[in-house]
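Structural overview for review
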Amino acid sequence: MASAVLVFLLCLTAGALTTVHGEDPYLFYTWNITYGTISPLGVPQQVILINGQFPGPTINSTTNNNVIVNVFNNIDEPFLLTWSGIQHRKNSWQDGVLGTMCPILPGTNYTYHFQVKDQIGTYMYYPSTALHRAAGAFGGLNVHSRSVIPIPYTLPLENDDFYVLINDWYTKSHSELRKLLDSGRTLARPQGVLINGQSGKTDGKGKPLFTLKPGRTYKFRICNPGLRTTLNFRIQGHNMKLVEMEGSHVVQNVYKSLDVHVGQCYSVLVKADQEPKDYYLVASSRFLKGEPMMATALISYEGGKGPASPELPKGPVGWAWSLNQFRTFRWNLTASAARPNPQGSYHYGEINITQTYKFVSSANKVDGKLRYAINGVSHVNPTTPPKFAEYFGVPEKVFKYDVMSITPPAEKITKVTVDTNIRNVTFHDFVEVIFENHENTVQSWKVDGFSFFAVAVEPGTWTPEKRKNYNLQDAVSRHTVQVFPKSWAAILLTFDNAGMWNIRSELTERTYLGQQLYISVYSPRRSLKEEYNLPDNSPLCGIVADMPKPKPYNQ
Ligand SMILES: *[C@@H]1O[C@H](CO)[C@@H](O)[C@H](O)[C@H]1NC(C)=O
Ligand SMILES: *[C@@H]1O[C@H](CO)[C@@H](O)[C@H](O)[C@H]1NC(C)=O
Ligand SMILES: *[C@@H]1O[C@H](CO)[C@@H](O)[C@H](O)[C@H]1NC(C)=O
Ligand SMILES: *[C@@H]1O[C@H](CO)[C@@H](O)[C@H](O)[C@H]1NC(C)=O
Ligand SMILES: *[C@@H]1O[C@H](CO)[C@@H](O)[C@H](O)[C@H]1NC(C)=O
Ligand SMILES: *[C@@H]1O[C@H](CO)[C@@H](O)[C@H](O)[C@H]1NC(C)=O
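Per chain, residue numbering runs from 1 following the sequence as it is written. Starting at A for chains and at 1 for ligands, labels are handed out in the order in which the entities are written. Totals for whole chains, interfaces and linings use every residue, but because this is a predicted model, local features are given only for residues with pLDDT of at least 70 and side-chain atom pairs only at 80 or more, for both listing and counting. Excluding hydrogens and water, the side-chain figures rest on all heavy atoms present in the structure.

**A look at the overall build of the protein**
Here is the rule we go by: A run of H or I in DSSP counts as a helix once it spans at least four residues, and a run of E counts as a strand once it spans at least two, with each numbered from the N terminus. Restricting the calculation to C-alpha atoms gives the radius of gyration, and the globule rule supplies 2.2 Å times the number of residues raised to the power 0.38. Between buried and exposed lies partly exposed: a residue is buried under 20% and exposed over 50% of the maximum accessible area for its type, with that area taken using a 1.4 Å probe on protein chains only. Areas reported as accessible are Shrake-Rupley estimates using a 1.4 Å probe. Residue values count occlusion only from the protein chains shown.
When you go through the protein residue by residue, the secondary structure sums to 5 helices and 33 strands. Since a compact globule built from 555 residues should have a radius of gyration of about 24 Å, the 23 Å found for the protein is in line with a globular shape. Oriented by its inertia axes, the alpha-carbon framework of the protein measures out at about 70 × 60 × 50 Å. Per-residue burial for the protein yields a buried fraction of 58% across its 555 residues. Approximately 22300 Å² of the protein is accessible, and the part contributed by carbon and sulfur atoms is 53%.

**A short note on the pairing of strand 22 (residues 369-374)**
Heads up, the rule is: The pairing criterion for strands is at least two bridges between them, as found by DSSP.
When you tally the buried positions in strand 22, you get 5 out of 6 residues, the bulk of the element. Pairing analysis gives 6 bridges linking strand 21 (residues 355-366) to strand 22, with the strands arranged antiparallel. Bridged to A363 within strand 22 is Y372. Where strand 21 folds back onto strand 22 in an antiparallel hairpin, the turn is made up of 2 residues, including D367, whose phi is positive at roughly 50°.

**With respect to the site of ligand 1**
Formally: One heavy atom within 4 Å of a molecule or strand makes the whole residue count as near it. In protein, a polar contact requires one atom able to donate a hydrogen and another able to accept it; more generally it is a pair of N or O atoms within 3.5 Å, and residues adjacent in sequence count only if both atoms are side-chain atoms.
Around ligand 1 sit N32, T34 and N74, and that is every residue in its neighbourhood. Here an oxygen atom of ligand 1 and a side-chain polar atom of N32 are 2.3 Å apart.

**A word on the site of ligand 2**
Close contacts around ligand 2 come from N70, F72, N109, Y110, T111 and N537, and that covers them all. Between ligand 2 and the protein, one listed contact pairs an oxygen atom with a side-chain N or O atom of N109 at 2.4 Å. With respect to ligand 2, the side chain of T111 contributes an N or O atom lying 2.7 Å from an oxygen atom. Protein chains bury 48% of the 360 Å² of accessible surface belonging to ligand 2 in isolation.

**Describing the sheet that holds strand 1 (residues 26-38)**
Within a beta sheet, neighbouring strands are joined by backbone hydrogen bonds and run either parallel or antiparallel to one another. Selection criterion: Each axis is a line fitted through C-alpha atoms, taken for helices only over the stretch in contact, and angles between the N-to-C directions span 0 to 180 degrees.
Within the open sheet, the 4 strands sit side by side as 2-1-4-6. Their pairing is mixed. For this open sheet the edge positions go to strand 2 (45-50) and strand 6 (109-115), each flanked by a neighbour on one side alone. Put simply, the sheet's adjacent strands are angled 20° from each other on average, direction ignored.

**Section: the layout of surface pockets**
Rules: A cavity here means a set of points on a 1 Å grid, drawn over the protein atoms and nothing else, where a 1.4 Å probe fits but cannot get out; a pocket is an open set with protein on both sides within 12 Å along at least five of seven lines, and a residue lines either one if it has an atom within 4 Å of a point. Grid points are joined across faces, edges and corners, and a volume is the space filled by probe spheres set on the points. Under the scheme applied, nonpolar residues are Ala, Val, Leu, Ile, Met, Phe, Trp, Tyr, Cys and Pro; charged residues are Asp, Glu, Lys and Arg; polar residues are all the others, including Gly.
The space that makes up the second largest pocket amounts to roughly 1100 Å³. Q87, R89, K117, D118 and R339 are, among the 46 residues lining the second largest pocket, the residues nearest its centre. Mapped onto the lining of the second largest pocket, the elements with two or more residues apiece are strand 6, strand 15 (248-249) and strand 31 (487-494). Per-element accounting of the lining of the second largest pocket gives the leading share, 4 residues, to strand 6. When the residues that make up the lining of the second largest pocket are grouped by side-chain class, the tally is 17 nonpolar, 21 polar and 8 charged.

**So, the sheet that holds strand 20 (residues 294-301)**
Quick note on the threshold: By definition, residues are in contact when any of their heavy atoms lie within 4.5 Å.
One open sheet holds the 5 strands; their spatial order is 11-20-19-13-17, and the pairing between them is mixed. At either end of the open sheet lies a strand with only one pairing partner, and these are strand 11 (210-212) and strand 17 (257-260). In this sheet, adjacent strand axes meet at a mean angle of 25° when their direction is disregarded. Relative to strand 17, strand 13 (residues 231-235) runs antiparallel, the two sharing 4 bridges. Counterpart to R234 in the pairing with strand 17 is S257. Against the sheet, helix 3 (residues 319-328) engages strand 13 and strand 17, with an angle of about 100° to strand 17.

This is the structure we're talking about:
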């Protein structure tokens, strides 16, 4: 009875509907993508709304749910959303990037169908097309644990669970920003920072974002969907107990503030145990020249008296602080995973590495215009998604595999080739990927389709001897990693998810100007046990638009 009421309420409130049969439940969402005008920094500007909302609605799911999102593109440009951190097992068709999908054309709709299989955690979605992320259309996506799986902390009550989306912001529209990049320039410094779409006032008069009941513990889900700026997040007068990051339960350290690099998410617990009055949430920029930019938002205590103190907690300075914080993040080896087994039961430190991939970033001019590259190759998307070309059996008509070497020379990379960057990798290989940053800025990398172990982030240049320093015990299994200036990061992962998967700089101007590649984890068996067929509702584009559909995969 209770569940029937819940279904009914969900229909009314969230536009979502749950059906419970033998198969995993479904959640349905219908999203209308439109332009709108709002003034996050006091200047009216064009943004992208989802069902009239900025940021977009939260997807609230539970492990193994089928998530159905029917996206109506009512802006005047081709559009896609990507679901950051959702692994899409066997299903790169739904990943929402131009290498594996044709975009949703203006005036049309596409229904994403994906399962949040064997995952838990705090995630987000954002647009992957044409700098649309600069205009909004991002939001939270959480995956709750199934009730049968124990969680290593007392779960806050249902409504005590908040998203805090923090991001840098420009007052120019996404098309103006795109023009800057197309003309060979950079985006330069953003104009401000937002918390859930607002920059906040520091006169203590704003409307509170959340109201806390004294004594209760709340979960804050903090994500940075921004374009390029690492942000430090803190709560005046309160500590944060980190419980989960990017899909893993972690050792529960207590932090006064957290550096959230672009594309990253954390779940923290916050106890309302202070004097009952108002407090500020603060998100401030890191690693930018000059004074940090910041956004504030108020939280208040129910029945509380008194405004927030105007004295805002200060953020940290320098990137060494951030590196040290990274080193405190540890996987909780005894906590349950999304399946009824401990997280640490997979001993990644004992597996032999089959291959080492080195990805060296560079920024260079090509024909007088700025491009960003990996190992000297700056990616461009062909009009036929490479995954479609492969599936239809005509890859050679669209791209060449392996134009980029995975063992770049030690010298500084000065030459840049603009090409479609697809690496053929071997299904089930256990590999090591080294991200090398010889530049002066902090980077943030994202791997779609997999979780990896972030075993080291260190200053200097990587050499094989550095493997001695890897954390082979309790590195966090996650899907992003930051690399500090003149530093490197090492990750370990198994290519156990067939499909074509995007590896990209999360810094959107870098992604847009070529700092990304795809790995093709090809399953030669063409079996449904390994990969799903191209969905029937997928739009087709490029040279495959008029080709007959290939024979479906076998059982
Ligand atoms: C989407 O919003 C636009 C603008 O408000 C409206 O004209 C259109 O009918 C809506 N479409 C759907 C499918 O709701
Ligand atoms: C577009 O939306 C309609 C429902 O309004 C749905 O029947 C159709 O399958 C959707 N198209 C795609 C390609 O998902
Ligand atoms: C790890 O998880 C276990 C099992 O839920 C829990 O008892 C323990 O307190 C957690 N350890 C830390 C250090 O957070
Ligand atoms: C989100 O889903 C969880 C688990 O089903 C539920 O307990 C909670 O009430 C939901 N929250 C919202 C805001 O719908
Ligand atoms: C890993 O490599 C070592 C040395 O080459 C070898 O002795 C060992 O059997 C390998 N382990 C596995 C699990 O393949
Ligand atoms: C990809 O690599 C595998 C071996 O790892 C090889 O058998 C296959 O032919 C390669 N495919 C292409 C298209 O290069």
